[in-house]
Amino acid sequence: MKRSYSLAAFAAGLAAAALFSGCAGETTVNNQPVETSGITVSGTGQVQVPPDLGFVNVGIQVTAATVEQARDDAAEAADAVIKSIKSNGVADKDIKTTGLSIQPNYDYRTSGAVLTGYTVTNTVKATVRDVEDMSKVVDGAVTAGGNAARLQSISFGIEDESKPMQEAREKAMADAKAKAEQLAKLGDVSLGAPVTISETQTSGGGIKQDAAGRDDDGGSVPTPIEVGTNTVTVNVTVRWAIQ
């Protein structure tokens, strides 16, 4: 009995040492047995939705010899941009300053750094609730800002994704179940109830944006902006029990 006790204690010590050496820097406690049997598959569901929101990131950038002059010129240009955005139907609550900076500029071509001036940038994000107004909002802001204007980006979104997300989720689960049923049939087993389900969601869409130009008569041409569609995607991973 003494020999058996010593061997058991020695085995327990080895198990504990292996546990701690294998978990250096990370501790995981799991009091439940890990069950991995069953059929695990992934499914994807996608729904195409016309966007009903537009987002315009536009700002100004001004460089001047003094910080005061750069700030004053930038403030004047930014104010003109914001007033233009508002005049084209964007509400105050849908305009948000997203970036403001003042940076010194240096010339390093000489033996030392020589201060040459200052650059001020000011960027706002406008939420356009009528996507048909995107062109005039963009063109108006760029025109108001003049040579200081900087169009950072535009994008589109969906204000309420709940319904397309539900539809995409249903498609993802149907896709996963079809795969699991096929695997169960090929494996000559019966598919049980789902044991675990996890999901990830994504939503997005691209656009085509061309630079503004002028027509043959020299008049201004609105910037062509194609709204396109956004794709709402749900991915699920499901493990079914085997009966």
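Remember, predicted model here, so these are calculated numbers, not experimental data.

Trainee: Describe in detail the overall build of the protein, supporting the description with residues and values.
Mentor: A count of helical and extended segments in the protein gives four helices and 11 strands. Per-residue burial for the protein yields a buried fraction of 30% across its 243 residues. Summed over all atoms, the accessible surface of the protein reaches about 15500 Å², with 52% contributed by carbon and sulfur.

Trainee: Mind laying out a nonpolar patch on the surface, listing which residues take part and the relevant values?
Mentor: Taken together, the side chains of Tyr106, Tyr108 and Leu115 make up a nonpolar region of the molecular surface, amounting to roughly 350 Å² of accessible area. Secondary-structure assignment places tyrosine 106 in strand S3 (residues 95-107).

Trainee: Quick rundown of the pairing of strand S11 (residues 230-242)? Include the residues and the values.
Mentor: In the case of a regular strand, side chains alternate between the two sheet surfaces. Bridge count for strand S1 (residues 39-49) against S11 is 11 bridges, and the pairing is antiparallel. Paired with valine 49 across the strands is asparagine 230, a residue of S11. Taken together, the 11 bridges between strand S6 (residues 191-204) and S11 define a ladder with antiparallel strand orientation. Counterpart to threonine 196 in the pairing with S11 is arginine 239.

Trainee: Go over the nonpolar core with me, naming the residues and quoting the values.
Mentor: Val56, Val58, Ile60, Ile85, Val90 and Met134 are the most contacted members of the largest nonpolar core, which has 27 residues in total. Sorting the residues of this core by element identifies strand S2 (53-64), helix H2 (67-87), strand S4 (114-128), helix H3 (134-145) and strand S5 (149-157) as the ones contributing at least two each. The dominant element in this core, judged by the number of residues it contributes, is H2, at six residues. Look past the residues within four positions of valine 56 in its chain and what remains in contact with it is Val124, Lys125, Ala126, Val128, Met134, Val137, Val138, Leu151, Ser153 and Ile154. Of all hydrophobic cores here, the second largest spans 16 residues; its members include Val49, Met165, Ala184 and Val232.

Trainee: Run through the packing of aromatic side chains, naming residues and quoting values.
Mentor: Under the criterion given, the structure shown has one aromatic pair. Each ring, one from tyrosine 106 and one from tyrosine 108, has its centre 6.1 Å from the other, and the planes form 50°; the classification is tilted. The class of tyrosine 108 is exposed, set by a relative accessible area of 61%. Sitting over the ring of phenylalanine 55, lysine 125 keeps its end group 4.8 Å from the ring centre.

Trainee: Quick rundown of the sheet that holds S2? Include the residues and the values.
Mentor: In spatial order, the strands read S3-S4-S2-S5; together these four strands make up an open sheet with antiparallel pairing. Of all the strands in the sheet, the pair left with one neighbour each is S3 and S5. For this sheet, the mean angle separating the axes of adjacent strands, direction not counted, is 15°. In this sheet, S4 lies alongside S3 in antiparallel orientation, the contact comprising 12 bridges. Looking across to S4, one finds that aspartate 107 is bridged to valine 114. Helix-sheet contacts for H2 involve S2, S3 and S4, and the interaxial angle to S2 is about 155°. Sheet strands touched by H3: S2, S4 and S5. Its angle to S5, the strand with the most contacts, is close to 165°.

Trainee: Account for the environment of glutamate 161, naming residues and giving values.
Mentor: Here glutamate 161 is to be found in the loop between S5 and helix H4 (162-186). Judged by relative accessible area, glutamate 161 falls into the partly exposed class, the value being 24%. At a separation of 2.6 Å, a polar atom in the side chain of glutamate 161 contacts the side chain of serine 203.

Trainee: So what's going on with the pattern of salt bridges? Residues and values would help.
Mentor: In this structure the tally under the stated criterion is 11 salt bridges. Between aspartate 107 and arginine 109 there is a salt bridge whose closest N-O contact spans 2.9 Å. Overall, the relative accessible area of 18% leaves aspartate 107 in the buried class. Of the residues examined, arginine 109 reaches a relative accessible area of 76% and is grouped as exposed. We note a salt bridge from lysine 136 to aspartate 133, for which the minimum N-O separation is 3.6 Å. Accessibility expressed as a relative area gives 42% for lysine 136, which makes it partly exposed. Taken together, the shared-partner salt bridges connect Lys93, Asp94, Arg129 and Glu159 into one network.

Trainee: Let's hear about the sheet that holds S11: which residues, and what values?
Mentor: Adjacent strands of a sheet pair through backbone hydrogen bonds, lying either parallel or antiparallel. Strands sit in the order S1-S11-S6 across an open sheet of three strands; the sheet is antiparallel. The outermost strands of the open sheet, each flanked by one partner alone, are S1 and S6. For this sheet the average axis-to-axis angle between neighbouring strands, irrespective of direction, equals 20°. Of the strands in this sheet, S1, S6 and S11 touch H4, which is tilted by about 145° from S1.

Here is what the cut-offs are and how they apply
- Residues numbered from 1 in each chain as written.
- Predicted model: local features only at pLDDT ≥ 70, side-chain atom pairs only at ≥ 80, totals over all residues.
- Heavy atoms only, no water.
- Helix = DSSP H or I, 4+ residues; strand = E, 2+ residues; numbered from the N terminus.
- Buried < 20%, exposed > 50% of the residue type's maximum accessible area, 1.4 Å probe, protein only.
- Areas by Shrake-Rupley, 256 points an atom, 1.4 Å probe, with all protein chains shown as cover.
- Patch = residues over 30% accessible without salt bridge, like charges linked within 9 Å, V, L, I, M, F, W, Y side chains within 5 Å.
- Salt bridge = Lys/Arg side-chain N within 4 Å of Asp/Glu carboxyl O.
- Pairing = 2+ DSSP bridges.
- Core = buried A, V, L, I, M, F, W, Y, C linked by side-chain atoms within 4.5 Å.
- Contact = heavy atoms within 4.5 Å.
- Phe/Tyr/Trp six-rings, centres within 6.5 Å; stacked < 30°, edge-to-face > 60°.
- Lys NZ or Arg CZ within 6 Å of the ring centre and 35° of its normal.
- Axes fitted to C-alpha atoms, helices over the stretch in contact; angles between N-to-C directions.
- Polar contact = N/O pair within 3.5 Å; in protein donor to acceptor, adjacent residues only side chain to side chain.

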